[in-house]
Each structure stands twice: as structure tokens, then as C-alpha cells.
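Secondary and tertiary structure notes
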Amino acid sequence: MDEFMFGGLIVLVTAVLPCLVFGYLIAFQGRRGLISGWNDNKVSEPEKGGRIIGISLIIMSVLLAIITILWFVRFFTEEELTYYLLPTISLPLIAAIYVKIKFRIN
């Protein structure tokens, strides 16, 4: 097993699968308690806010899987990998900020 395969498996098992599962639970099962610091009383529409954050987590996990597979087949270098990972992993953070601004209770 070479280092690319080992690294790809680690990313898929420790990042992609948990993000996919937690995103599904948050977005479609209403488990908003999984969101760190979440309080339904501080959000005007908690269902919509949770759905936005959960879907952004699902999108991030899919993009992370695609990037990892492309890195595994050596489509791009490790330096380019960081350029693709940084915007991808910031998606849930941007979604959380959006939800906090749009659905906050004054």
C-alpha cells in the first residue's frame, strides 16, 4: 500500500464518512443538537438553519471525497491539494455564519 492510498483511505474514513453521516442527521433528521453551540431559541427558523448547515456539510463531504480521489490518482500535487481543500472545508463555516446572520433573533 503506497502513501497515496493510505492517505486517501484515512481521509475517506475519518473525514468524508462522518461528515456525510452527520450532515444527513442534521439536515434530514432534525438533529440540530449535533451542531456545536446550537440553540433553537436563538434562531428564528431552526429547521431551515439546520437544513442549510447540514446540506453544506454533505456538499463538503462529497467535494472532499472527489478531491481525495483525484489526489489519489495523482491528478494534482500535494500543494494543489491544499488550494482545493481550503475553500471546500470552509463551506460549513460560511453556512453557519450565513444562518447566524439571516435567522438570528434580535
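Fair warning: this is a prediction, and the values are worked out from it, not measured in the lab.

In a regular helix each residue adds 1.5 Å, so 27 residues correspond to 39 Å; helix H2 (residues 46–72) covers 38 Å between its end C-alpha atoms and thus fits that length. Just downstream of H2, Arg-74 is the residue with a positive phi angle, here 60°.

All right, on to the packing of H2 against helix H3 (residues 78–89) then. Axis separation between H2 and H3 bottoms out at 10 Å; the angle between their running directions is 175°. One finds that H2 runs roughly antiparallel with respect to H3. Where H2 abuts H3, its residues Met-60, Leu-63, Leu-64, Ile-67 and Trp-71 lie against Glu-78, Leu-81, Tyr-84, Leu-85, Thr-88 and Ile-89. Each residue belonging to the contact of H2 with H3 can be placed in one class, and the counts come to nine nonpolar, one polar and one charged.

Cys-19, Ile-26, Ile-35, Trp-38, Val-43, Ile-53, Leu-57, Met-60, Val-99 and Phe-103 together form the largest nonpolar core, which totals 10 residues. Only helix H1 (3–28) and H2 provide two or more residues apiece to this core. The element best represented in this core is H2, accounting for three residues. Every residue in contact with Val-99, bar those within four places of it in the chain, is listed here: Trp-38, Gly-49, Ile-52, Ile-53 and Arg-104. Core analysis: the second largest hydrophobic core is formed by five residues, Phe-4, Ile-67, Phe-76 and Leu-81 among them.

With that settled, the discussion passes to the pattern of salt bridges. The final tally for this structure, using the stated rule, is two salt bridges. The salt bridge partner of Asp-40 is Arg-32, with a shortest N-O separation of 3.1 Å. The partly exposed category is assigned to Asp-40, whose relative accessible area is 31%. Between Glu-45 and Lys-48 there is a salt bridge, and its shortest N-O distance comes to 3.1 Å.

What follows deals with the packing of aromatic side chains. Note on aromatic pairs: each is described by the distance of the centres and the angle between the planes. Applying the stated criterion across every chain yields a total of three aromatic pairs. Considering the side-chain rings of Tyr-24 and Phe-28, the 5.8 Å spacing of their centres and the 45° angle between planes classify their relative orientation as tilted. Note that Tyr-24 and Phe-28 are positioned in helix H1 at a spacing of four residues, about one turn of the helix. A relative accessible area of 44% places Phe-28 in the partly exposed class. When the centroid spacing of 4.8 Å and the interplanar angle of 55° are considered together, the rings of Phe-76 and Tyr-84 count as tilted. Of the residues examined, Tyr-84 reaches a relative accessible area of 41% and is grouped as partly exposed. In this structure an aromatic cluster arises from ring pairing among Phe-75, Phe-76 and Tyr-84.

Here is what the cut-offs are and how they apply
- Residues numbered from 1 in each chain as written.
- Predicted model: local features only at pLDDT ≥ 70, side-chain atom pairs only at ≥ 80, totals over all residues.
- Heavy atoms only, no water.
- Helix = DSSP H or I, 4+ residues; strand = E, 2+ residues; numbered from the N terminus.
- Expected span 1.5 Å × (residues − 1).
- Axes fitted to C-alpha atoms, helices over the stretch in contact; angles between N-to-C directions.
- Parallel < 35°, antiparallel > 145°, perpendicular 65-115°, else oblique.
- Contact = heavy atoms within 4.5 Å.
- Nonpolar A, V, L, I, M, F, W, Y, C, P; charged D, E, K, R; others polar.
- Core = buried A, V, L, I, M, F, W, Y, C linked by side-chain atoms within 4.5 Å.
- Buried < 20%, exposed > 50% of the residue type's maximum accessible area, 1.4 Å probe, protein only.
- Salt bridge = Lys/Arg side-chain N within 4 Å of Asp/Glu carboxyl O.
- Phe/Tyr/Trp six-rings, centres within 6.5 Å; stacked < 30°, edge-to-face > 60°.

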